[in-house]
Amino acid sequence: MSISARRVETFGTTIFTEINQLAQQYSALNLGQGKPDFDTPADIVAEMIKAAQSGQHNQYAPGPGIASLRHAVANHAARFYGLDIDPDQGVIVTAGATEGILSCVLGLVDPGDEVIVIEPFYDSYVPNILMAGATPVFVPLHPPTWTFDPDELRAAFTPRTRVLILNSPHNPSGRVFSREELSLVAELCIEHNVIVINDEVYEHLTLGGSTYIPIATLPGMFERTVTVSSAGKTFSATGWKIGWAYGHPDVLDGVARAHQFTIFAVHHPTQEAVAYALNQPDSYYNNFRTMYQSKLHLLMDALDGSGLTYRAPEGTYFIMADFSAVFDGMPRDFTRYLIKEIGVACIPPESMYSKGHVHIGKNYVRFSFCKSDQALVQAKGLLSKLRG
Ligand code: PMP
Ligand code: GLN
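Values in this document were obtained by computation on a predicted structure and should not be read as measured data. Going along each chain's sequence as written, the residues are numbered from 1 onward. Chains carry letters and ligands carry numbers; both start at the beginning, A for chains and 1 for ligands, and go up in the order they are written. Where totals are concerned, whole chains, interfaces and linings use all residues; where local detail is concerned, this predicted model gives features only for residues with pLDDT of at least 70, and gives and counts side-chain atom pairs only at 80 or more. Neither water nor hydrogens contribute to the side-chain values; these are computed over all heavy atoms in the structure.

### Quick notes on the environment of Lys 362
Reasoning step 1: Summarising the element assignment, Lys 362 is placed in the loop between β12 (344-345) and β13 (364-368).
Reasoning step 2: Residue exposure (1.4 Å probe, protein chains only): buried if accessible area is under 20% of the type maximum, exposed if over 50%, otherwise partly exposed. The class for Lys 362 is partly exposed, based on a relative accessible area of 38%.
Reasoning step 3: In sequence terms Lys 362 and Pro 349 are 13 residues apart; their C-alpha atoms lie 8.1 Å from each other.
Reasoning step 4: Two residues form a contact once any of their heavy atoms are found within 4.5 Å. Each residue touching Lys 362, except ones within four places of it in the same chain, is listed here: Phe 323, Gly 329, Met 330 and Pro 331. We count a stretch as a helix when DSSP gives it H or I for four or more residues in a row; a strand needs E for two or more, and each element gets its number in order from the N terminus.

### A closer look at the side chain of His 268
Reasoning step 1: Examined against the element boundaries, His 268 turns out to sit in helix α10 (residues 268-278).
Reasoning step 2: Looking at His 268, the relative accessible area reads 11%, which means it is buried.
Reasoning step 3: Side-chain atoms alone can form a polar contact between residues adjacent in sequence; in general such a contact is a pair of N or O atoms within 3.5 Å, and within protein one must be able to donate a hydrogen while the other accepts it. Within polar-contact distance, the side chain of His 268 engages the backbone oxygen of Gln 59 at 2.8 Å.

### Looking at the pairing of β13
Reasoning step 1: β13 sits mainly inside the fold: five of its five residues count as buried.
Reasoning step 2: A two-sided burial pattern is seen for β13, the buried positions comprising Tyr 364, Arg 366 and Ser 368 on one face and Val 365 and Phe 367 on the other.
Reasoning step 3: As defined by bridge partners, strand β11 (residues 318-322) adjoins β13 across five bridges and the pair is classed as antiparallel. Pairing of Ala 321 across the sheet is with Val 365, part of β13. Whether two strands pair depends on DSSP finding at least two bridges between them.

### Here's the deal with the state of the cysteines
Disulfides are covalent bonds that link the sulfur atoms of two cysteine residues.
Reasoning step 1: A pair of cysteine sulfur atoms is labelled a disulfide when the two atoms are within 2.5 Å. The tally for this structure, following the rule as stated, stands at zero disulfides.
Reasoning step 2: Not part of a disulfide, Cys 104 finds its nearest cysteine sulfur in Cys 189, a span of 14 Å.
Reasoning step 3: Judged by its relative accessible area of 0%, Cys 104 falls in the buried class.

### Details of the UniProt feature "domain: Aminotransferase class I/classII large" (unreviewed entry) in the protein
Reasoning step 1: UniProt positions are given in the numbering used here, feature names are shortened, and annotations may be inferred rather than shown by experiment. Mapped onto the present numbering, the UniProt feature "domain: Aminotransferase class I/classII large" (unreviewed entry) falls on residues 29-375.
Reasoning step 2: Taken end to end, residues 29-375 is 39% helix and 17% strand, and its two terminal C-alpha atoms sit 7 Å from one another.

### Regarding the site of ligand 1
Reasoning step 1: Near, as used in this document, describes a residue that has one of its heavy atoms within 4 Å of the molecule or strand being considered. Neighbouring residues of ligand 1: 13 residues in total, closest Thr 98, Asp 199, Tyr 202, Lys 233 and Lys 241.
Reasoning step 2: Taking Tyr 202, its side chain carries an N or O atom lying 2.5 Å from an oxygen atom of ligand 1.
Reasoning step 3: In this structure, an oxygen atom belonging to ligand 1 sits 2.6 Å away from a side-chain N or O atom of Lys 241.
Reasoning step 4: Relative to its free-state accessible area of 390 Å², ligand 1 is covered by the protein chains to the extent of 93%.
Reasoning step 5: With three residues, helix α4 (residues 96-108) is the largest single contributor of residues to the shell around ligand 1.
Reasoning step 6: Taken together, the residues of the shell around ligand 1 break down into five nonpolar, five polar and three charged. Each accessible area value is a Shrake-Rupley result obtained with a 1.4 Å probe; residue values ignore everything except the protein chains displayed when judging cover. Just so you know the grouping, Ala, Val, Leu, Ile, Met, Phe, Trp, Tyr, Cys and Pro go in nonpolar, Asp, Glu, Lys and Arg go in charged, and all remaining residues, Gly too, go in polar.

Put into structure tokens, the structure is as follows:
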């Protein structure tokens, strides 16, 4: 019998673990979890090995992160977004974006506060909010365009709203929020004195010529935004779990306090390698985008032959596909059918919605294209069986 605390009582097994197990059991091609099936660039891995073998980096790193990585994060924000970040007081290196977001929530939100979450959401946000003793308030993106209703957003703000969690490019919808959309979020946050936690882990994964705009660059927002990102997506190194949070020292202060006592310090040799990685020339980032643009086309080609419909994503390595023309049932049922009968795994989005809003995503499942070209071509053959 479980003797767990009440705060974790409602937490189930993550959907990613559940689907990985099922995919393995049925030997399905796994387009579920956003986990590249190809390796981190060899020169970046070599930096990590060099750091580990140097005899200098195998003991505790400084709690906020090593200086070279904090500087690399600040330089990266200046180079791509024109942001002026203090590398000493304005950056904290975290154990992936996941710990970054948890430390933000624990460091900025009090019990009884409300936190606005845009749905469908990355699955750790709500457990993080609940662990802080706060209440999530949900604002859905409406398919097929995956846009929020301005009135629904406005109505979510109350005197108890403390934080809004934003994610752009957005997992799982593939939206990259426009300046107009972000301006409304900014206007409401300023009016209601709300802090934004901006999850930009897919910042370099923009597709079809779209441009990612960090909300911290909008007027009046730098002072009220903490931005979280990670090396996982940009350097195809999801197993390294190195992330960071940056922003104005005043918003980062609480985050730093929470970070000290959740993890204290992060894996040291890997921080050295990520500092090297962030300083890659523009060609790295451009080639990365080009690679994903071509993978996107392979997955779209596979879906086009399957009877599933979708809106091409503007960013991330995910597509939300509508299965209602080929299957009658909920996303979980379709996912099981797809894994067992067709041999392809995807992610059903039920766990990315609050109970009251699950119906909004009821025709959709998420496919990931951070996979080898060969796997994506194989997916086309398998998914074409759906038509038959
Ligand atoms: N936020 C979003 C939107 C994500 O998709 C992920 C990915 N896995 C994370 C946060 C977590 O990132 P990390 O692996 O760096 O903890
Ligand atoms: N971010 C990845 C995804 O959305 C998975 C991360 C995880 O397994 N928790 O697929």
